[in-house]
Protein chains: 2
Amino acid sequence: MARRRRDDGDLSQKKFINDPRNIVEEMLAGFVGTHSEQVRRLDGSRVIVALSAPPGKVGLVAGGGSGHEPALLGYVGVGLLDAVVVGEVFASPPAGEVLAAIEAVDSGEGVLLMIGNYAGDVMNFEMAMETARAAGHSVEMQVVTDDVAEGGDVSSRRGLAGSFFVWKCCGAAAEEGASLDEVRRVARKANAATRTMGVASSPATVPGTHKPLFTILENEVEIGVGHGEPGLSRETIRPVDEIVDELVEHLVSARLKDGLGKEVATLINGLGATPLMELYVAQRRLVENLADRGISVHRSFVGNYYTALDMAGFSIALMGLDEEMKYLIDAPATTAHFYTGARS
Amino acid sequence: MARRRRDDGDLSQKKFINDPRNIVEEMLAGFVGTHSEQVRRLDGSRVIVALSAPPGKVGLVAGGGSGHEPALLGYVGVGLLDAVVVGEVFASPPAGEVLAAIEAVDSGEGVLLMIGNYAGDVMNFEMAMETARAAGHSVEMQVVTDDVAEGGDVSSRRGLAGSFFVWKCCGAAAEEGASLDEVRRVARKANAATRTMGVASSPATVPGTHKPLFTILENEVEIGVGHGEPGLSRETIRPVDEIVDELVEHLVSARLKDGLGKEVATLINGLGATPLMELYVAQRRLVENLADRGISVHRSFVGNYYTALDMAGFSIALMGLDEEMKYLIDAPATTAHFYTGARS
């Protein structure tokens, strides 16, 4: 009896939550209170705005569902995002909130919107963009499509952890005073140079629901997962070195239009429940594998950057670098959950 | 058949690892490669040393088992630790490695060792301290005892996530040029002012072992857990607000010798597998609860600071603050996994 699986919904999967309908509000209250030196919440909305955004720079707005923390709101601050529009768990925020974010960060230099390639986000952000343009704002949009599990068809690729590289490069360009056209160009270039692929050993469970979003057998992992969604294929779990090798093989695959080049930035991104120890083990193999291919790593990032609730697993994002992208990826940034110091 | 629980040991619990005997070495390779601008590995040892440590300051050395990442090695850098001695998973490092760390960071101003209150660590670090003293080094040691699940008997309290506050305060004091005696005084004061208590919904599994370290029923949580070890009591899972309230009740309990005072620093520390979203929900309630008690929060930290592999749950650490401790907790620090900017 005591071992019976509970099915009360509210506490399924033993989450540390209250009423699941309040989880986003409660998270935002905790986040904004903790980071009040860096961010504020726009009144009456779920828009998180940087305190630091100086006038006279292009405004950068990202947005999407919550459940991916520290993405996206943890990257609001100096040298990264000026505002993030927070949706319900794994759900797009409404267009009205996006519009409020645009108005909040447009100091006359225009605004770039950055979203992952999900139908709801694309629809709502486009709607907000059109409304804002009609009201006289200069607004452009970059849809991030770094997911390579879907293969060569860019339109079907999702936006995954590699989004971080797009935000980082655009954030650096905007911070240095680039125009909206220039930041738009950097966004397109960073997105084209970035590719991501993930692996999961257990799925996420949305708060308030009764079961995981999909299932993975006890001896298997799933290759090509998204941030919550299932992936391409399932296979028996193997040593992580072999899994990293397989992911890299996909990432550098000839199916992709452009090569990565000889120098990259790397991200080993934890999906939520995988220990940092394991991420560093994977990082070690990633660098070895790339070295064997004659690809050198300019800068690495390891940690939980873009999670999917309690999903176990990780993704690898690679961005091919030229001198411009190296300069931008190395630029200083300070946000609640990311820091890179001034150039030495 | 396909659903049979695997029992091959090496891949139990679907960890992303290779041979579990190599996990610490492989993690260190990934970590040092990623953060080579901030740390180096002492040749032939598992000691991670800050590149930045200026001569003419007291050296700060912490150490203990691995499996707690980003603790402890993620806190090597400016304004925090000068060296960390890394043991096997959940196991103390040998005295010889501690001695090597002392020799590496003693620039003539002496060294303070900081460890949690675990028998193996206490034995090995004391042995290293005696040897180093015999060789002419000035060495002192602070055993951190922030765990309050064990009640009023300080000698039986473990060192838990509140250790971070002790490291932070000592790191700030040393950075500002305090003498070994002064840093030793700060360590004692910070430890006395800090208390931690945790809750887990699922236990950790050590790589290469066949089963979790303990069990928790599907509808229960365990109160008073350590970093891997079981706790005080089990109870049916409830809304997280009630769990936070219960933990705070323990933390401010009259069983404790000294009061917390009216101003505190707080840490909501994820144990490894619990989403950041849930940590911020708990943070919101923590601040509310303390406000109801007339205790104000000077500074908050939320995230995976001191984990226990894939344990799900979190701990709350509180440190009572006076003006000196506020100054030290606010001081700038830059390490691989922690950043606080210069005073504004």
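### Some points on the packing of helix α4 (residues 163-175) of chain B against helix α8 (residues 323-330) of chain B
Residue and element names in this part refer to chain B. Between α4 and α8, the least distance of the axes is 8 Å, while the angle of their chain directions is 90°. In this view, α4 runs roughly perpendicular relative to α8, as classed from their interaxial angle. Contacts from F165, K168, C169, A172 and A173 in α4 reach M325, L328, I329 and D330 in α8.

### Considering the relation of the copies chain A and chain B
Overlaying chain A with chain B gives an RMSD of 0.0 Å, the required rotation being 180° about an axis along which the chain moves by 0.0 Å. Look at the turn and shift together and you get a two-fold axis relating the two. When C-alpha positions in chain A are compared against the rotation axis, the closest is assigned to A:A273, at 1.9 Å. In this assembly the copies share their binding face: 100% of the residues contributing to the interface of chain A also contribute to that of chain B.

### Concerning the environment of B:L72
Residues and elements named next belong to chain B. Position of L72 relative to the elements: it lies in the loop between β3 (59-66) and β4 (77-78). Separated by 95 residues in the primary sequence, L72 and W167 have C-alpha atoms spaced 9.9 Å apart. The residues contacting L72, other than those within four sequence positions of it, are A62, G63, G65, L81, V84, W167 and Y306.

### Topic: unusual backbone geometry
With an omega dihedral of -10°, the bond running from A:A71 to A:L72 counts as a cis peptide bond. Phi is positive for A:F90, which is not a glycine, with a value near 55°. Assignment of secondary structure puts A:F90 in the loop between β5 (83-89) and α2 (95-105). The class for A:F90 is partly exposed, based on a relative accessible area of 28%. At B:L309, a residue that is not glycine, the phi angle is positive and equals roughly 55°. Along the chain, the position of B:L309 falls in the loop between β12 (296-303) and β13 (312-320).

Conventions adopted
Residues numbered from 1 in each chain as written. Chains lettered and ligands numbered in written order. Predicted model: local features only at pLDDT ≥ 70, side-chain atom pairs only at ≥ 80, totals over all residues. Heavy atoms only, no water. Axes fitted to C-alpha atoms, helices over the stretch in contact; angles between N-to-C directions. Helix = DSSP H or I, 4+ residues; strand = E, 2+ residues; numbered from the N terminus. Parallel < 35°, antiparallel > 145°, perpendicular 65-115°, else oblique. Contact = heavy atoms within 4.5 Å. Least-squares fit on C-alpha atoms with pLDDT ≥ 70 in both. Buried < 20%, exposed > 50% of the residue type's maximum accessible area, 1.4 Å probe, protein only.

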